[in-house]
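Working through the structure, step by step
Residues per chain are reported as follows:
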Amino acid sequence: ADGGSQQERVVTEEEWLHKWEMGNIGFHKEQGHPLLQKYLDVLLNGRSGLRIFFPLCGKAVEMKWLADMGHSVVGVELSEQALKEFFSEHSLPYCEEPIPEISGGKLFQSTSGNISLYCCSIYDLSSAIVGKFDGVWDRGALVAVNPCDRQRYVSLMTSLMEKNSSYLLVTVSYDPNKHKGPPFYVPDSEVKSLFG
Ligand code: SAH
């Protein structure tokens, strides 16, 4: 299968917000993702105090793990509800401020300063706004992006990466004719051509 049956599918921003409102968030993993633990060494590559990016972050608990290890975590998420739930579920105090460059965008930052979550569309970001990253945890992100936006997403991600950064990508393998997504099926061959 080449995912052809999913190429035209579009999930709107409103639909994502609605999923959060309805608690229709089966993608959220309370216990965190075992593959991050398994490949943590690959992500860190012996380095400490990294800036790590979580695209389409939801309320991923791995953000707390990495912050607790001394890294600085930046996420981006459309749903304000998701970000507020993240801070409240981990009992983390935070402050909230507008993002001057992004109309309607808000930045939620832990009071300790090491977790900064942007509430806006990822396509509103640029390295001028968020800087560049030493590591990326992409789980439920590339596979959640509408198929028509994949190239744009990957170009943006590439522009946000430092020279010696590492990028952990989780994809899912299944027959795209049997499920409409998201998560979408992104074959390995496409991952190779997208990231080069
Ligand atoms: N990575 C998270 C969430 C995966 S679900 C995890 O592992 O749990 C995908 C998330 O992306 C949803 O929370 C959705 O609200 C968000 N999202 C979808 N499109 C987005 C966009 N253009 N910009 C920012 N966030 C987006």
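Throughout what follows, the structure given in this document is the object of discussion. Everything numeric here is computed off the predicted structure, so don't read it as measured data.

Another point: unusual backbone geometry. Negative phi characterises most residues that are not glycine, and trans characterises most peptide bonds. Here G181 and P182 are connected by a cis peptide whose omega angle stands at 0 degrees. Within the secondary structure, P182 is located in the loop between β7 (161-170) and α7 (188-195). Note the cis peptide between P182 and P183, where omega equals 0 degrees. Mapped onto the elements of the fold, P183 is located in the loop between β7 and α7. The residue N45 is not glycine, and still its phi comes out positive at about 50 degrees. Within the fold, N45 resides in the loop between α2 (34-44) and β1 (51-54). Judged by its relative accessible area of 56%, N45 is exposed. The backbone of S91 sits at a positive phi, close to 50 degrees, despite the residue not being glycine. One can find S91 in the loop between α4 (80-89) and β3 (94-98).

Below, the discussion takes up the nonpolar core. Membership of the largest hydrophobic core comes to 28 residues, with the highest contact counts inside it found for F53, Y118, I122, L125 and Y153. At the level of secondary structure, the elements contributing two or more residues to this core comprise β2 (72-77), α5 (127-130), β6 (133-139), α6 (150-159), β7 and α7. Ranked by residue count, the leading element in this core is α6, at 4 residues. Residues L43, I52, C57 and L168 belong to the second largest nonpolar core, which totals 24 residues.

Here we take up the site of the ligand. Around the ligand there are 15 residues in total, and W20, L56, E77, I122 and R139 lie nearest to it. Residue E77 places a side-chain N or O atom 2.6 Å away from an oxygen atom belonging to the ligand. Burial of the ligand by the protein chains amounts to 94% of its free accessible area of 570 Å². Across the shell around the ligand, the residue classes break down as 10 nonpolar, 3 polar and 2 charged.

Attention shifts here to the pattern of salt bridges. With the rule as written, the count across this model stands at 8 salt bridges. Linking K64 and D68 is a salt bridge whose minimum nitrogen-to-oxygen distance equals 2.7 Å. In this pair, K64 and D68 both sit in helix α3 (residues 62-68), 4 residues apart, roughly one turn of the helix. The salt bridge involving K106 is made with E96; its shortest N-O contact spans 3.3 Å. With a gap of 10 residues between them, K106 in strand β4 (residues 106-110) and E96 in strand β3 connect regions that are remote in the sequence. Looking at K106, the relative accessible area reads 26%, which means it is partly exposed. Through salt bridges with shared partners, a single ionic network connects E80, K84, E96 and K106.

Strand β5 (residues 115-119) sits mainly inside the fold: 5 of its 5 residues count as buried. With 5 bridges joining them, β2 and β5 adopt parallel strand pairing. Considered in β5, the bridge of G75 is made with L117. As paired elements, β4 and β5 share 4 bridges and run antiparallel to each other. In the sheet register, L107 faces β5, and the bridge partner there is Y118. Hairpin geometry of β4 and β5 is characterised by an intervening segment of 4 residues between the two adjacent antiparallel strands and by a positive phi of about 90 degrees at G113.

Thresholds, definitions, all that
- Residues numbered from 1 in each chain as written.
- Predicted model: local features only at pLDDT ≥ 70, side-chain atom pairs only at ≥ 80, totals over all residues.
- Heavy atoms only, no water.
- Helix = DSSP H or I, 4+ residues; strand = E, 2+ residues; numbered from the N terminus.
- Buried < 20%, exposed > 50% of the residue type's maximum accessible area, 1.4 Å probe, protein only.
- Core = buried A, V, L, I, M, F, W, Y, C linked by side-chain atoms within 4.5 Å.
- Near = heavy atom within 4 Å.
- Polar contact = N/O pair within 3.5 Å; in protein donor to acceptor, adjacent residues only side chain to side chain.
- Areas by Shrake-Rupley, 256 points an atom, 1.4 Å probe, with all protein chains shown as cover.
- Nonpolar A, V, L, I, M, F, W, Y, C, P; charged D, E, K, R; others polar.
- Salt bridge = Lys/Arg side-chain N within 4 Å of Asp/Glu carboxyl O.
- Pairing = 2+ DSSP bridges.

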